[in-house]
Amino acid sequence: MNGDPSTHRRLEGVLARIRAACTDCGRDPASVRLLAVSKTFGADAVRSLAVQGQDCFGENYLQEALAKQQALADLDLEWHFIGPIQSNKTRPIAESFHWVHTVDRLKIADRLSAQRPRSSSPLQVLVQVNIDDESSKHGCTPAEAPALANAVAALPGLELRGLMAIPAPTAEPAGAAPAFEAMARLAGEIRSSLPPGRAQRFDQLSMGMSADLEVAIRAGATIVRVGTALFGSRPARDDG
Ligand SMILES: *Cc1c(COP(=O)(O)O)cnc(C)c1O
């Protein structure tokens, strides 16, 4: 599947959307990174995007991700864990990923830090905030985020890089704007509460998906997590 033309077209389309959104709001397109969310798609699909130059991939399901990493070990890819984390799964995450977007409690952060191999650079971590979806069990509350972020920033095996959110679904993409803007404000507050050496590296906001990446970029997203627009629609899966 190397060089699959439809993959190429979809990737170019998403990159064009990112550039256009940046132009619209006066941001440098280089300030926004595309994370390709490859959950449920196979190693071949990842490889065909990788040969087009896409180098970072997001995965939600640990076993599936580890199998893909093994199948793609010949490529120099950056892997981001973006699924809910059970505390008995932290070790392979700490060992096999470069980034984790879904740290929402200190227990998980402590384990990831302790289990990060000494030979690896610190795991790049985002604190997941449940910005507006009271029905979701994932993410800390906005009120808890500053203390959690400060505690995570102090852990030796981790480097705190910013915040991540999955706002509640809205009828129109623009409906997510208030949640994205609230995330940007919260990130600013947290940045000013961190010790100077830590604040500098707290520079990432992971938000925006296939439907609403433009809205997220306008609010300050630095990482957009895009699955469907790159790989096509996924079969429903019910274990998140
Ligand atoms: C699946 C998933 C995405 C990608 O969503 P699309 O709408 O397919 O772009 C982004 N972020 C997280 C956390 C996901 O689980």
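Quick caveat: nothing in here was measured; it's all calculated off a predicted structure.

Chemist: Pulling in residues and values, what's your account of the packing of aromatic side chains?
Modeler: Scanning the entire structure with this criterion turns up 3 aromatic pairs. Between F41 and F231, the ring centres sit 5.2 Å apart and the planes meet at 20°, which makes this aromatic pair stacked. Taken as a pair, F41 in the loop between β1 (33–37) and α2 (43–50) and F231 in helix α10 (residues 228–231) lie far apart in primary sequence, 190 residues in all. When the ring of F57 is compared with that of W79, the centres are 6.0 Å apart and the planes differ by 40°; the resulting orientation is tilted. One end of the pair, F57, is in strand β2 (residues 56–59); the other, W79, is in strand β3 (residues 78–81), with 22 residues separating them in the sequence. W79 gets classed as buried once you look at its relative accessible area, which sits at 5%.

Chemist: Break down the pairing of strand β5 (residues 123–129) for me, citing the residues and quoting the values.
Modeler: With 7 of its 7 residues buried, β5 lies for the most part within the structure. Side chains L123, V125, V127 and V129 project from β5 onto one buried face, and the interleaved Q124, L126 and Q128 project onto a second face that is buried too. Inspection of the sheet shows strand β4 (residues 99–103) paired to β5 by 3 bridges, in the parallel sense. Counted as the bridge partner of V103 is V127 from β5. Taking the sense of rotation as the criterion, the β-α-β connection linking β4, helix α5 (residues 106–115) and β5 turns out right-handed.

Chemist: Provide a residue-level description of α2, including the pertinent values.
Modeler: Most of α2 is tucked away: 7 of the 8 residues are buried. Listing the buried residues of α2 in full gives A43, A45, V46, R47, S48, L49 and A50. The secondary structure elements touched by the buried residues of α2 are α1 (5–24), β1, β2, α3 (62–71), β3 and α10.

Chemist: Account for the site of the ligand, with residues named and values stated.
Modeler: Lining the immediate surroundings of the ligand are 13 residues, of which K39, N60, S210, T228 and R234 lie closest. The side chain of S210 places a nitrogen or oxygen atom 2.5 Å from an oxygen atom of the ligand. Within the contact set of the ligand, a nitrogen atom lies 2.8 Å away from a side-chain nitrogen or oxygen of R225. Taking 390 Å² as the accessible area of the ligand by itself, protein coverage stands at 88%.

Thresholds applied
- Residues numbered from 1 in each chain as written.
- Predicted model: local features only at pLDDT ≥ 70, side-chain atom pairs only at ≥ 80, totals over all residues.
- Heavy atoms only, no water.
- Phe/Tyr/Trp six-rings, centres within 6.5 Å; stacked < 30°, edge-to-face > 60°.
- Helix = DSSP H or I, 4+ residues; strand = E, 2+ residues; numbered from the N terminus.
- Buried < 20%, exposed > 50% of the residue type's maximum accessible area, 1.4 Å probe, protein only.
- Pairing = 2+ DSSP bridges.
- Right-handed = clockwise from strand over helix to strand, strands pointing away.
- Contact = heavy atoms within 4.5 Å.
- Near = heavy atom within 4 Å.
- Polar contact = N/O pair within 3.5 Å; in protein donor to acceptor, adjacent residues only side chain to side chain.
- Areas by Shrake-Rupley, 256 points an atom, 1.4 Å probe, with all protein chains shown as cover.

Distances and angles like these do not, on their own, reveal function.
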